[in-house]
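Residue-level listing of the chains:
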Amino acid sequence: QKEVEQNSGPLSVPEGAIASLNCTYSDRGSQSFFWYRQYSGKSPELIMSIYSNGDKEDGRFTAQLNKASQYVSLLIRDSQPSDSATYLCAVKVDSSYKLIFGSGTRLLVRP
Amino acid sequence: GAVVSQHPSRVICKSGTSVKIECRSLDFQATTMFWYRQFPKQSLMLMATSNEGSKATYEQGVEKDKFLINHASLTLSTLTVTSAHPEDSSFYICSARAILAPSSYEQYFGPGTRLTVT
């Protein structure tokens, strides 16, 4: 059973701080990883994809991938109250196009 | 770019009736669409993968005769919940993968359909 694990949170950070969200996955052969943001009552919105080891930056967001440790993270710099949401980590399955989603981490940014 | 729409956004139906949900990719062609279900405070559960012009592939435990999926064109997939029961009440979300996208593994989600069966 391939799994994607996330701490459910909530992770509470003050406005302006760096929020660090973590995700581990069980399938060592996984090659494609995604972070989605989901506001309460809404559908997921793609934030970033990452395929290679290392860091990938997009605005205030940085995704980090370490395939040897089977670990992917998302850093949000200068966190804003509008960043308060559930962040879902997703991993592509094998040669299919299916994604396995983690249960999500709820982030609360305190004004 | 990469906009996916769903209709209706919210539907209430009586037990025993059928409900059809449409998923459209508005500005790209989607060779593959996915249907998910999400219960409150739970993560997304993949129900089925839909490829244009072929039969959908259902995940284990999902009744294919109850959840009928049709992917008739590269921009439209439909999910029909047949003989709906209160336990089918959920948030149904579709996603689409774009043909020839640079990162073709990315899935773009529709806004979801909240189904309530009374």
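Note that this is a predicted model, so its numbers are computed, not measured.

With the rule as written, the count across this model stands at 2 disulfides over all chains. Disulfide pairing places Cys23 of chain A opposite Cys89 of chain A at an S-S distance of 2.1 Å. The S-S bond linking Cys23 of chain A to Cys89 of chain A shows a torsion near -70°; that makes this disulfide left-handed. Of the two residues, Cys23 of chain A sits in strand S3 (residues 19–25) while Cys89 of chain A sits in strand S9 (residues 85–92), which places them 66 residues apart along the sequence. The two residues Cys23 of chain A and Cys89 of chain A agree in class, both being buried. For Cys23 of chain B, the disulfide goes to Cys94 of chain B, at an S-S distance of 2.0 Å. Given an S-S torsion of about 80°, the disulfide between Cys23 of chain B and Cys94 of chain B has right-handed geometry.

All names here are of chain A. In space, the 5 strands of this open sheet follow the order S1-S3-S8-S7-S6, with antiparallel pairing throughout. Only two strands of the sheet have a single neighbouring strand rather than two, namely strand S1 (4–5) and strand S6 (54–58). Sheet topology note: the strand S7 (residues 61–66)/strand S8 (residues 71–76) ladder contains 6 bridges and is antiparallel. Bridged to Gln64 within S8 is Ser73.

What counts as what
Residues numbered from 1 in each chain as written. Chains lettered and ligands numbered in written order. Predicted model: local features only at pLDDT ≥ 70, side-chain atom pairs only at ≥ 80, totals over all residues. Heavy atoms only, no water. Disulfide = S-S within 2.5 Å. Helix = DSSP H or I, 4+ residues; strand = E, 2+ residues; numbered from the N terminus. Buried < 20%, exposed > 50% of the residue type's maximum accessible area, 1.4 Å probe, protein only. Pairing = 2+ DSSP bridges.

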